[in-house]
4 protein chains.
Amino acid sequence: MKVILLSHTPEPDKLVAAAARLCYAPIGADQLLETMTKKQVNKLVEDLMAMGHESPIEHVSFTFAIEGVSRAMSHQLVRHRLASYSQQSQRYVKENAFEYIIPPSVQANPKAKEVFLRQMAAIQECYNQLITLEIPREDARYVLPNACETKIVMTMNARSLYNFFQQRLCLRAQWEIRALAEAMRLELIKVSPLLFNKTGPKCETEGYCSQGKMSCGRKPTRENSR
Amino acid sequence: MKVILLSHTPEPDKLVAAAARLCYAPIGADQLLETMTKKQVNKLVEDLMAMGHESPIEHVSFTFAIEGVSRAMSHQLVRHRLASYSQQSQRYVKENAFEYIIPPSVQANPKAKEVFLRQMAAIQECYNQLITLEIPREDARYVLPNACETKIVMTMNARSLYNFFQQRLCLRAQWEIRALAEAMRLELIKVSPLLFNKTGPKCETEGYCSQGKMSCGRKPTRENSR
Amino acid sequence: MKVILLSHTPEPDKLVAAAARLCYAPIGADQLLETMTKKQVNKLVEDLMAMGHESPIEHVSFTFAIEGVSRAMSHQLVRHRLASYSQQSQRYVKENAFEYIIPPSVQANPKAKEVFLRQMAAIQECYNQLITLEIPREDARYVLPNACETKIVMTMNARSLYNFFQQRLCLRAQWEIRALAEAMRLELIKVSPLLFNKTGPKCETEGYCSQGKMSCGRKPTRENSR
Amino acid sequence: MKVILLSHTPEPDKLVAAAARLCYAPIGADQLLETMTKKQVNKLVEDLMAMGHESPIEHVSFTFAIEGVSRAMSHQLVRHRLASYSQQSQRYVKENAFEYIIPPSVQANPKAKEVFLRQMAAIQECYNQLITLEIPREDARYVLPNACETKIVMTMNARSLYNFFQQRLCLRAQWEIRALAEAMRLELIKVSPLLFNKTGPKCETEGYCSQGKMSCGRKPTRENSR
């Protein structure tokens with residue numbers, strides 16, 4: 001899996017602080033960005049977080065290029081609707097040597113791995129045959145597996161990212177999307193520790209688990225924490 | 001493919017007309033629904049359409065149960081973000097005899113069909129082997145194909161449906177999602193011809209094609225229509 | 001304030017249960033609604049709630065007609081973006097005898113009330129004068145006060161409503177939007193106690209207060225509850 | 001009215017081109033941004049526009065600080081839901097010398113202007129009296145007019161901006177929000193002529209008017225253009 005932070009709103013801490021400041025103070029637009037010290041920025045952003053006032057963090061967004069992930073994963077990923085996606089199309093791009101993701105449980109089991117790899121090769125051969133038989137790419141791809149590698153460019157604002165991390169860093173989340181969330185979070189912390197250091201799975205940010213009987217047991221569930 | 005209209009806002013024409021009416025007339029909430037004749041409802045909705053005033057149609061929503069569709073299709077479907085989805089999970093539901101969608105181009109080509117069916121059987125066998133080797137379902141499914149059948153419950157409001165039809169009834173849309181759009185549209189017309197009779201691909205509702213050099217040629221492109 | 005539940009998805013409990021069921025069970029679309037007892041519906045919905053699995057409740061939506069509220073309130077209301085609105089327009093509807101909302105603090109203070117009422121009358125007179133001077137309605141309305149009464153039709157799905165209640169039933173929320181939230185909640189409980197009985201301000205649903213130093217003190221803040 | 005482009009995604013043309021490129025070409029994430037010439041960027045973006053393929057332009061967003069606008073305008077503005085807002089609060093910020101917007105029709109009519117200005121002064125006095133009578137700010141503001149000045153920080157992505165311009169540059173749009181749209185568009189063209197030069201009211205981008213009987217007559221309506 002390769003996760004690259006392609007681009008983002010410049011100086012995100014400062015922009016969030018400026019937006020927050022406008023809400024509560026009689027200050028003009030000109031001065032919004034200019035008159036803040038680093039210390040003031042930190043104070044404003046920390047106050048926002050402490051008050052659960054999340055809307056100003058929507059002003060900053062982050063664009064990732066993601067590759068080496070499966071379509072099993074991307075199908076889950078695009079369910080996050082407060083985000084923008086551009087995904088490599090299997091309708092147009094020919095998969096004459098498709099790559100694929102091997103789940104760790106398969107990787108760790110020699111017999112399973114052998115079965116898995118053999119099947120990937122068989123599917124590739126079948127795809128090629130269908131193309132030779134003049135089946136269009138967009139139909140030949142029906143034989144391609146969930147494991148098939150895909151590439152995606154995704155943009156989310158910080159508020160949507162907080163929610164993404166709450167859900168997808170949970171130990172109950174599927175391993176591949178959790179690995180993506182972890183990789184994204186590391187990139188974001190490099191750029192803005194102030195905004196992203198305190199992000200985490202819901203049990204860490206909220207102090208309790210909301211998975212009920214599905215809980216991993218790491219934190220008390222909502223029912224038991226009250 | 002099976003497309004069932006599970007549920008919808010009752011009397012959708014009337015509710016849309018009531019919302020439209022409120023915008024332009026000094027009328028109380030009590031009277032909104034009560035004092036309209038069928039003729040008034042028709043007139044109000046037709047005027048809305050003619051003025052391109054789409055927001056009142058957001059108040060009515062429609063829920064479909066969809067089955068017998070492929071995960072290739074559902075991956076496209078869930079890209080429509082102004083909608084709600086509940087999809088059968090391959091993480092939890094065991095695929096001990098998975099069903100699959102055969103593309104028409106494959107169906108029509110005996111040799112391709114044979115290759116395709118054989119591959120589906122091989123994939124099923126591989127999946128079963130992985131389960132036997134104690135690979136968890138959520139990882140065994142990595143071998144399952146895009147063709148694999150899925151079930152989904154989807155809700156969209158009428159405005160989102162209009163947009164869905166503009167894009168997905170286009171002859172350039174992928175065949176399976178176009179078939180879904182057609183089936184949904186037929187169900188909706190039964191319930192509300194007033195709201196859905198005039199829906200269609202963008203070239204029909206707008207009078208020109210917006211696909212540029214990808215155009216099917218049925219209508220002039222935007223560039224050529226000006 | 002008048003809050004009328006104009007319309008809603010029929011049998012909302014059952015539809016939510018059907019959508020939830022599809023996710024976890026190998027069941028066909030036909031049987032989704034037909035084969036559930038009331039007891040099964042209750043069990044399914046309660047399990048969803050306990051697991052914090054909120055997406056199936058998006059399939060049901062509720063439409064309110066709201067009148068006797070101020071534009072101060074409606075300006076806050078329309079900030080909830082996962083909702084649909086149709087509002088009476090001051091551009092088109094002439095305000096020859098505009099109504100207005102008197103805040104309780106003004107109502108309770110005879111001197112303030114007198115000042116307030118006198119001002120409302122003066123504003124009405126000014127508006128009328130501007131109309132007489134051939135100022136268009138859409139500009140004459142610039143003198144109208146925040147207190148000015150408005151009417152609105154609003155649709156939200158249950159998930160958006162949960163979030164609305166978490167924020168707007170908070171004692172820190174502005175009194176008028178809190179009163180609206182309370183009135184809406186009462187209407188919803190009549191229709192679906194199963195879905196709406198447990199809704200409330202965030203401090204009740206989550207067990208802690210997220211307002212930080214702005215907290216009313218009713219519940220410990222997140223910081224203090226950990 | 002003051003409209004400042006506070007911040008935006010760096011090199012927006014290039015990022016849009018990179019996202020578009022990923023969809024159709026077998027290229028890795030690393031190379032996405034690096035290997036494009038300015039000419040390729042232009043070609044890719046122009047092709048997108050010609051094909052009506054709008055999703056890649058969602059990856060770039062633009063943040064404006066807006067001041068010297070009325071709350072009549074901001075109430076319309078925040079109806080655009082695919083955007084993020086931080087607005088100066090009348091609940092917390094004391095309006096001891098509130099500023100206000102004078103509509104051009106009032107400005108141009110000396111008698112109306114006199115009436116209008118006198119009323120603004122009277123409202124200010126009333127607000128001050130209510131504060132003196134210990135009415136809280138959040139209630140005293142109920143007397144403040146729609147004309148009252150507000151400040152807002154707003155972020156939209158390019159796709160949402162296109163739609164904003166289609167609607168709000170229309171001659172039928174209210175003058176103040178049209179002026180805002182014009183000012184925003186000018187700022188955007190400075191930063192990215194490639195992305196924003198061709199934006200405009202719907203009649204210009206689509207070639208017909210969708211306002212039906214409300215049309216200004218500048219372009220044929222949809223009905224007449226077919």
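Think of each chain on its own: its residues are numbered from 1, step by step along the sequence as written. As they are written, the chains are lettered A onward and the ligands numbered 1 onward, keeping that order. With pLDDT at 70 or above as the cut-off, local features in this predicted model cover only qualifying residues; side-chain atom pairs require 80 or more to be listed or tallied, and sums for whole chains, interfaces and linings still use all residues. Only heavy atoms go into the side-chain values, all of them from the structure, while hydrogens and water stay out.

Participant: Got a minute to help me understand the overall build of chain A in this structure?
Facilitator: By definition, any uninterrupted DSSP run of H or I lasting at least four residues is a helix, any uninterrupted run of E lasting at least two residues is a strand, and each is numbered from the N terminus. On a plain count of helices and strands, chain A comes out with twelve helices and four strands. As defined in this context, the radius of gyration uses C-alpha atoms, and a globule is described by 2.2 Å times the residue total to the power 0.38. Taking 2.2 N^0.38 as the reference for a compact globule, 226 residues should give roughly 17 Å; the C-alpha atoms of chain A span a radius of gyration of 22 Å, well beyond that estimate. Along the longest, intermediate and shortest principal axes, the C-alpha atoms of chain A span 70 × 45 × 25 Å. Under the scheme applied here, a residue whose accessible area is under 20% of the maximum for its type counts as buried, over 50% as exposed, and between as partly exposed, the area being computed with a 1.4 Å probe on protein chains only. Classification of the 226 residues of chain A by burial places 60% in the buried group. Whether two residues are in contact is decided by their heavy atoms, any of which lying within 4.5 Å being enough. The long-range fraction of contacts in chain A, counting pairs at least 24 apart against all pairs at least 6 apart in sequence, stands at 70%. Two residue types count as positive, namely Lys and Arg, and two as negative, namely Asp and Glu; His and chain ends fall outside the count. Every charge is mapped onto a representative atom, which is NZ of Lys, CZ of Arg, CG of Asp or CD of Glu. Placing the 30 positive and 23 negative side-chain charges of chain A at their respective mean positions leaves the two points 6 Å apart.

Participant: Would you mind going over the relation of the copies chain B and chain A with me for this structure?
Facilitator: Relating one copy of the chain to the other requires a rotation about an axis plus a shift along that axis. What sets the superposition is a least-squares fit of C-alpha atoms, and only residues with pLDDT of at least 70 in both copies go into it. Superposing chain B onto chain A requires a rotation of 180 degrees together with a translation of 0.0 Å along the rotation axis, leaving an RMSD of 0.0 Å. The symmetry that links the two subunits is that of a two-fold axis. Considering only C-alpha atoms, the residue of chain B closest to the rotation axis is B:Pro145, which sits at 2.0 Å. Take the interface residues of chain B: 100% of them recur as interface residues in chain A, which is what a same-surface contact looks like.

Participant: Help me understand the packing of aromatic side chains, please; the structure alone is not making it clear to me.
Facilitator: Each aromatic ring pair is described using two quantities: the centre-to-centre distance and the angle formed by the ring planes. Stacked, tilted and edge-to-face pairs are distinguished by plane angle, under 30 degrees for stacked and over 60 for edge-to-face with tilted covering the rest, among Phe, Tyr and Trp rings (Trp via its six-membered ring) whose centres lie within 6.5 Å. Following the criterion strictly, the structure yields 26 aromatic pairs over all chains and no others. Measuring from centroid to centroid gives 6.0 Å for A:Tyr162 and A:Phe196, while their planes differ by 70 degrees, and the two rings are edge-to-face. In this pair, A:Tyr162 sits in helix 8 (residues 158–168) while A:Phe196 sits in helix 10 (residues 193–196), placing the two residues 34 residues apart along the sequence. On the basis of relative accessible area, A:Tyr162 is assigned to the buried category, the value being 12%. Pairing C:Tyr142 with D:Trp175 gives two aromatic rings, centres 5.7 Å apart and planes at 20 degrees, and the pair type is stacked. Taken together, the residues span two chains, with C:Tyr142 in the loop between helix 7 (137–140) and strand 4 (149–157) and D:Trp175 in helix 9 (residues 175–191). Ring pairing ties together the aromatic residues A:Phe62, A:Tyr162 and A:Phe196, which thus form one cluster.

Participant: Would you explain the nonpolar core in this entry?
Facilitator: As a rule of thumb, soluble globular proteins bury nonpolar side chains together. For the purposes of this section, nonpolar cores are sets of buried Ala, Val, Leu, Ile, Met, Phe, Trp, Tyr and Cys residues that join through side-chain atoms within 4.5 Å. One finds A:Phe64, A:Leu77, A:Phe196, B:Phe64 and B:Leu77 to be the most contacted residues of the largest nonpolar core, which totals 97 residues. Aside from chain neighbours lying at most four places away, what touches B:Leu77 is B:Ile66, B:Tyr85, B:Ile152, B:Met154, B:Phe164, B:Ile177 and B:Leu180.

Participant: For this particular structure, what's the right way to read the sheet that holds strand 1 (residues 2–8) of chain B?
Facilitator: Sheet strands line up and pair through hydrogen bonds in the backbone, either parallel or antiparallel. All names here are of chain B. Only strands joined by at least two bridges in the DSSP assignment are considered to pair. Taken in spatial order, the four strands line up as 1-2-4-3 in an open sheet, and their pairing is antiparallel. Each having just a single partner strand, strand 1 and strand 3 (84–87) make up the two edges of the open sheet. Across the sheet, the mean angle separating the axes of adjacent strands is 20 degrees when strand polarity is ignored. In the sheet, strand 2 (residues 61–70) pairs with strand 4 (residues 149–157) via eight bridges, with the strands oriented antiparallel. What sits directly across from Ala65, in strand 4, is Val153. Strands strand 1, strand 2 and strand 4 of the sheet are contacted by helix 9 (residues 175–191), whose axis makes an angle of about 145 degrees with strand 2. In this description, a line fitted to the C-alpha atoms serves as the axis of each element, helices being fitted only across the stretch in contact, and the angle between N-to-C directions of two axes falls anywhere from 0 to 180 degrees.

Participant: Could you clarify how one ought to interpret the packing of helix 8 of chain A against helix 9 (residues 175–191) of chain A in this entry?
Facilitator: Helix-helix packing is characterised by the crossing angle of the two axes and by the distance between the axes. Residues and elements named next belong to chain A. With their axes 9 Å apart at the nearest point, helix 8 and helix 9 run at an angle of 140 degrees to one another. Here helix 8 lies oblique to helix 9, going by the angle between them. The interaxial crossing formed by helix 8 with helix 9 has left-handed handedness. On helix 9, the residues that touch Leu161, Phe164, Phe165 and Arg168 of helix 8 are Ile177, Arg178, Leu180, Ala181, Met184, Arg185 and Leu188. Under the scheme applied, nonpolar residues are Ala, Val, Leu, Ile, Met, Phe, Trp, Tyr, Cys and Pro; charged residues are Asp, Glu, Lys and Arg; polar residues are all the others, including Gly. Across the contact of helix 8 with helix 9, the residue classes break down as eight nonpolar, no polar and three charged. The scheme is simple: roughly parallel for angles under 35 degrees, roughly antiparallel for over 145, roughly perpendicular for 65 to 115, oblique for anything else. Two helices that cross are described as forming a left-handed crossing if the nearer one is turned anticlockwise from the farther one by less than a right angle, and a right-handed crossing if clockwise.

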